[in-house]
Amino acid sequence: FSLFERDTPIEASSRTASAPTPNTITLKPELLASAGIEVVPIVRGEFRLHRDFPAVVQPNENKLAEVTTLIRGRVEEVYVDFGHDVERGTVLALVHSTDIGLSQASYLKAAAQSHEAALAYERARELYEHQVVSLAELKRREAAMRVAHADLRETTHRLELLGLPREEIRRLDRERTVRSDVPIRAPIAGRIIMRNLTRGEVVEMGQT
């Protein structure tokens with residue numbers, strides 16, 4: 001390209017245009033349009049060159065989170081879709097799982113046994129102080145209490161491995177009611193860039 005810049009505006013000449021020289025080619029307007037030729041005034045402006053390059057667009061993996069299920073179950077509800085912005089902790093979907101229900105029932109049973117074993121040990125300790133029961137009986141009750149506490153810790157750990165948050169375990173302690181629906185929550189704040197989950201679908205453990 002050749003660019004020409006003038007410091008002063010071009011004054012229109014009132015003289016009659018001279019006859020075309022032998023080296024001048026004049027095109028009719030229809031030929032200009034068909035040839036794609038456009039005549040514009042010379043002005044200052046930004047000059048850019050356009051280039052096309054093959055590339056792959058992908059997210060920054062340091063800011064990417066894959067949301068997986070820790071249980072097997074059936075999808076009850078899906079609350080978000082592709083392109084939605086969510087905050088950390090937002091419920092993305094609800095999964096109904098018999099595994100989590102059975103684990104909660106086992107936890108409640110272990111919690112009740114742990115409580116009863118602790119009460120039995122306290123009663124045995126008071127009776128031992130009054131020489132009503134033997135030391136062997138006190139030790140037996142203490143061993144039973146320790147086993148019950150270990151079972152409770154094991155069932156609690158299993159609930160945590162299944163993805164049940166601490167808040168839900170505390171609710172279980174308060175209400176003593178089993179809920180088989182597990183919320184799938186966003187681990188970070190961000191935008192949904194992929195969704196492969198539909199209502200009624202059966203998901204497996206570890207599925208993205």
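Residues numbered from 1 in each chain as written. Predicted model: local features only at pLDDT ≥ 70, side-chain atom pairs only at ≥ 80, totals over all residues. Heavy atoms only, no water.

K.L.:
Could you clarify how one ought to interpret the sheet that holds strand S6 (residues 202–203) in this entry?
P.N.:
The pairing of strands in a sheet comes from backbone hydrogen bonds and takes either a parallel or an antiparallel form. Reading across the sheet, the 4 strands line up as S4-S3-S1-S6 and stay open at both edges, with antiparallel pairing between neighbours. Each edge of the sheet is formed by a strand with only one pairing partner; in this case those strands are strand S4 (181–185) and S6. Bridge count between strand S1 (residues 73–78) and strand S3 (residues 91–96): 4 bridges; the pairing is antiparallel. Bridging from a neighbouring strand, Val 78 pairs with Ala 93 of S3. (Pairing = 2+ DSSP bridges. Helix = DSSP H or I, 4+ residues; strand = E, 2+ residues; numbered from the N terminus.)

K.L.:
What am I meant to see in the packing of helix H2 (residues 98–129) against helix H4 (residues 166–175) here?
P.N.:
The angle between the axes and the distance between the axes are what describe a pair of packed helices. Packing of H2 against H4 leaves a shortest axis separation of 11 Å and a crossing angle of 55°. As the angle between them shows, H2 and H4 are arranged oblique. The interaxial crossing formed by H2 with H4 has right-handed handedness. Taken together, the residues of H4 that come into contact with H2 (itself represented by Gln 104, Tyr 107 and Leu 108) are Ile 169, Arg 171, Leu 172 and Asp 173. Taken together, the residues of the contact of H2 with H4 break down into 4 nonpolar, 1 polar and 2 charged. (Axes fitted to C-alpha atoms, helices over the stretch in contact; angles between N-to-C directions. Parallel < 35°, antiparallel > 145°, perpendicular 65-115°, else oblique. Left-handed = near helix turned anticlockwise from the far one by under 90°. Contact = heavy atoms within 4.5 Å. Nonpolar A, V, L, I, M, F, W, Y, C, P; charged D, E, K, R; others polar.)

K.L.:
Even after reading the chapter, I still don't get the packing of helix H3 (residues 135–161) against H4, so can you show me in this structure?
P.N.:
Axis separation between H3 and H4 bottoms out at 10 Å; the angle between their running directions is 135°. Taken as axis vectors, H3 and H4 run oblique relative to one another. Considering how the two elements wind past one another, H3 and H4 form a crossing that is right-handed. Here Thr 156, Leu 159 and Glu 160 of H3 come into contact with H4, specifically with Arg 166, Ile 169 and Leu 172. By residue class, the composition of the contact of H3 with H4 is 3 nonpolar, 1 polar and 2 charged.

K.L.:
For this particular structure, what's the right way to read the side chain of Ser 103?
P.N.:
One can find Ser 103 in helix H2. Sequence-distant contacts of Ser 103, that is, excluding residues within four places in its chain, are made with Arg 158, Leu 159 and Leu 162.

K.L.:
Is there a simple way to explain the nonpolar core in this structure?
P.N.:
A general feature of soluble globular proteins is that nonpolar side chains tend to end up buried together. With 15 residues, the main nonpolar core has Ile 100, Tyr 107 and Leu 159 as its most contacted residues. Listing elements by their share of this core, those giving two or more residues are S3, H2, H4 and S4. Among the elements that line this core, the one with the most residues is H2, at 3 residues. Aside from chain neighbours lying at most four places away, what touches Tyr 107 is Leu 152, Thr 155, Thr 156, Leu 159, Ile 169, Leu 172 and Asp 173. One finds Ala 117, Tyr 121, Leu 138 and Met 145 within the second-largest nonpolar core, a separate group that totals 6 residues. (Core = buried A, V, L, I, M, F, W, Y, C linked by side-chain atoms within 4.5 Å. Buried < 20%, exposed > 50% of the residue type's maximum accessible area, 1.4 Å probe, protein only.)

K.L.:
Can you walk me through the pattern of salt bridges in this structure?
P.N.:
If charged atoms from side chains of opposite charge come close, those side chains can pair. Enumeration over the complete set of coordinates arrives at 17 salt bridges. Of the charged contacts, one joins Arg 74 and Glu 76 as a salt bridge, the two residues approaching to 2.5 Å between their closest N and O atoms. Under the relative-accessibility criterion, Glu 76 is labelled partly exposed at 24%. Across the pair Arg 171 and Glu 175 runs a salt bridge whose closest N-O atoms are separated by 2.8 Å. Residue Arg 171 and its partner Glu 175 are both found in helix H4; the two are separated by 4 residues, about one turn of the helix. Overlapping salt bridges, with partners in common, bring together Glu 168, Arg 171, Glu 175 and Arg 179 in one network. (Salt bridge = Lys/Arg side-chain N within 4 Å of Asp/Glu carboxyl O.)

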